[in-house]
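The residues making up each chain are set out below.
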Amino acid sequence: MILLSLATYYNYAINLIMSHLARVALIAVLSLAFVLSAEPGRGRVAIADARLPPEDQPSPTASPYPTVPVVPPTPTPVRVPISARVPILMYHYISTPPPGADRYRIDLSVTPQDFERQLQHLASNGYTTISLYELYAHLTLGRSLPPRPVVLTFDDGYRDHYEHAFPLLKKYGMRGTFFITTDFINFGNPNHLTWEMVKEMSAAGMDIESHARTHRDLRNRDFQFLVWEILGPIEQITAHTGKRPRFFCYPSGRYDQAVIRMLRSVQTWAAVTTEHGATHTLANAITWRRLRVHGRATLEQFAKMLASAGGT
Ligand SMILES: [Zn+2]
């Protein structure tokens, strides 16, 4: 009876221990399965490793991706100049002043005859007319310029630019930059260009750039006024010519820091003033200087001014 009781107790104890061990083993198996399922990559590697002979086992540090050789950068072969000495000529009227014109109007007016003689001088002395885009690309990208480069600019969008300057530029295979004031055109001022003329000149290779909307003094103005005067003409010229202007000409050469900030915010590459000079850099691109061609200037004076400013 005692033996039977002992045997029963023994069996009971064995069962208790075995069921405890089974639970521990089950927990251990489940834990391992959880770890393997939580790190699938590790689990696969472990299984794959087990199948590979020792010599084919991947190195623990090997990358699963192909390696790209590192090539040291080579220096750019383009030499970008610090500055360029290029005369940017400034014209206004290309016409004979009307009778009774005051001295300002006379000084701003180059007759078509004088203008043609000036173009002939440029052609016979090895000058090449370039655009402001070419000058800018020279300073930013190191693009080479032709010998004796010169930029011809015409302010205010006068009708005589179409009637006199444009045909003469075409005759000599030359290029001009026309700074137009868009409201003079929008309101049909007969002394100024029309959008049809502007479009024709642009299509013929002339550059149409902005000289603001109304030609008013831009200094001491608020933000909205500057948006109206500076962004508006950019949109209008783009709409009429299909070419987005990048250059600006300050009305009467006047500007302040707010004007410069606005020009930069609308990605203007350079702006020209009425100040005298011919050395251009990227640092002074927002105030590039020009050479004024005075009405009644002799060809000798014209040639002398160019020669003193020429050469890059
Ligand atoms: Zn002007």
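All values reported here derive from a predicted model rather than from experimental measurement. (Residues numbered from 1 in each chain as written. Predicted model: local features only at pLDDT ≥ 70, side-chain atom pairs only at ≥ 80, totals over all residues.)

Right, let's get into the overall build of the protein chain. Per the secondary structure count, the protein chain includes eleven helices and ten strands. Considering the protein chain as a whole, with its 312 residues, one finds that 31% of them fall into the buried category. Taking the contacts inside the protein chain whose residues are at least 6 apart along the sequence as the reference set, 66% of them involve residues at least 24 apart. (Helix = DSSP H or I, 4+ residues; strand = E, 2+ residues; numbered from the N terminus. Buried ≥ 20, exposed ≤ 12 C-beta atoms within 10 Å, placed from the backbone. Contact = placed C-beta atoms within 7 Å.)

On to the environment of glutamine 118. Tracing the backbone shows glutamine 118 in helix 4 (residues 112-124). The sequence separation of glutamine 118 and leucine 299 amounts to 181 residues, and the corresponding C-alpha distance is 6.7 Å. Once residues within four sequence positions are removed from consideration, glutamine 118 is found in contact with Leu299 and Phe302.

On to the packing of helix 4 against helix 6 (residues 159-171), then. Running from N to C, helix 4 and helix 6 point in directions that differ by 20°, and their axes come no closer than 10 Å. Overall, the two elements helix 4 and helix 6 adopt an arrangement that is roughly parallel. Like other packed secondary-structure pairs, helix 4 and helix 6 cross with a definite hand, here right-handed. For the pair helix 4 and helix 6, contact is made by Pro112, Phe115, Glu116 and Leu119 and by His164, Ala165 and Leu168, respectively. Residues belonging to the contact of helix 4 with helix 6 are distributed by class as follows: five nonpolar, one polar and one charged. (Axes fitted to C-alpha atoms, helices over the stretch in contact; angles between N-to-C directions. Parallel < 35°, antiparallel > 145°, perpendicular 65-115°, else oblique. Left-handed = near helix turned anticlockwise from the far one by under 90°. Nonpolar A, V, L, I, M, F, W, Y, C, P; charged D, E, K, R; others polar.)

Where a strand is regular, its side chains alternate between the two sheet faces. Of the two faces of strand 2 (residues 88-91), the one holding Ile88 and Met90 and the one holding Leu89 and Tyr91 are both buried throughout. Pairing geometry for strand 2 and strand 4 (residues 149-155), over four bridges, is parallel. Among the inter-strand pairings, leucine 89 is bridged to a residue of strand 4, identified as leucine 152. In terms of strand pairing, strand 2 meets strand 10 (residues 288-292) through two bridges, oriented parallel. (Pairing = 2+ DSSP bridges.)

What follows is about helix 10 (residues 257-265). Looking only at helix 10, the buried set comprises Val259, Met262 and Leu263. Axial view of helix 10: buried residues confined to an arc of 100°, hence all on one face. Helix 10 presents Gln257, Arg261, Arg264 and Ser265 as exposed residues on the side facing more than 90 degrees away from its buried surface. Lining the buried residues of helix 10 we find helix 9 (223-241), strand 7 (247-249) and strand 8 (270-276). Immediately downstream of helix 10, the backbone of glutamine 267 shows phi near 55°, a positive value. (Arc of directions from axis to C-beta.)

The pLDDT averaged across the protein chain works out to 86; a share of 77% of its residues lies at or above 70. The model gives residues 30-50 a pLDDT under 50, and that stretch makes two contacts with residues more than four places away or in other chains. (pLDDT = per-residue confidence, 0-100.)

Once that is clear, we can look at the environment of alanine 165. Looking at where alanine 165 falls in the secondary structure, it is placed in helix 6. Overall, the presence of 27 C-beta atoms within 10 Å leaves alanine 165 in the buried class. Each C-alpha atom, one on alanine 165 and one on phenylalanine 154, is 8.9 Å from the other, the two residues being eleven residues apart in sequence. Beyond its immediate chain neighbours, meaning those up to four positions away, alanine 165 contacts Ile94, Phe115, Phe154, Asp160 and Gly176.

It is worth spelling out the pairing of strand 4 at this point. Most of strand 4 sits out of view: seven of its seven residues are buried. Here strand 4 shows a buried face lined by Pro149, Val151, Thr153 and Asp155 and a second buried face lined by Val150, Leu152 and Phe154. Two elements, strand 3 (residues 128-129) and strand 4, share two bridges in a ladder whose sense is parallel. Bridge pairing in strand 4 places threonine 128 opposite proline 149. What joins strand 3 to strand 4 is helix 5 (residues 132-141), and the crossover it makes is right-handed. Bridge analysis of strand 4 against strand 5 (residues 177-180) gives three bridges, and the strand direction is parallel. Paired with phenylalanine 154 across the two strands is phenylalanine 178, which belongs to strand 5. Crossover handedness for the path strand 4 to helix 6 to strand 5: right-handed. (Right-handed = clockwise from strand over helix to strand, strands pointing away.)

Right, let's get into helix 11 (residues 299-309). One turn of an α-helix holds 3.6 residues; hence residues three or four places apart share an orientation. Along helix 11, the residues classified as buried are Phe302, Leu306 and Ala309. Viewed along the axis of helix 11, the buried residues span an arc of 75°, placing them on a single side of the element. Away from its buried face, by an angle of more than 90 degrees, helix 11 presents the exposed residues Glu300, Gln301, Lys304, Ala307 and Ser308.

Right, let's talk about unusual backbone geometry for a bit. The phi angle at arginine 148 is positive, at roughly 50°, despite the residue not being glycine. Locating arginine 148 in the fold gives a position in the loop between helix 5 and strand 4. Residues other than glycine seldom take positive phi values, yet glutamine 267 does so here, at roughly 55°. Along the chain, glutamine 267 turns up in the loop between helix 10 and strand 8. Using a count of 9 C-beta atoms within 10 Å as the deciding quantity, one classes glutamine 267 as exposed.

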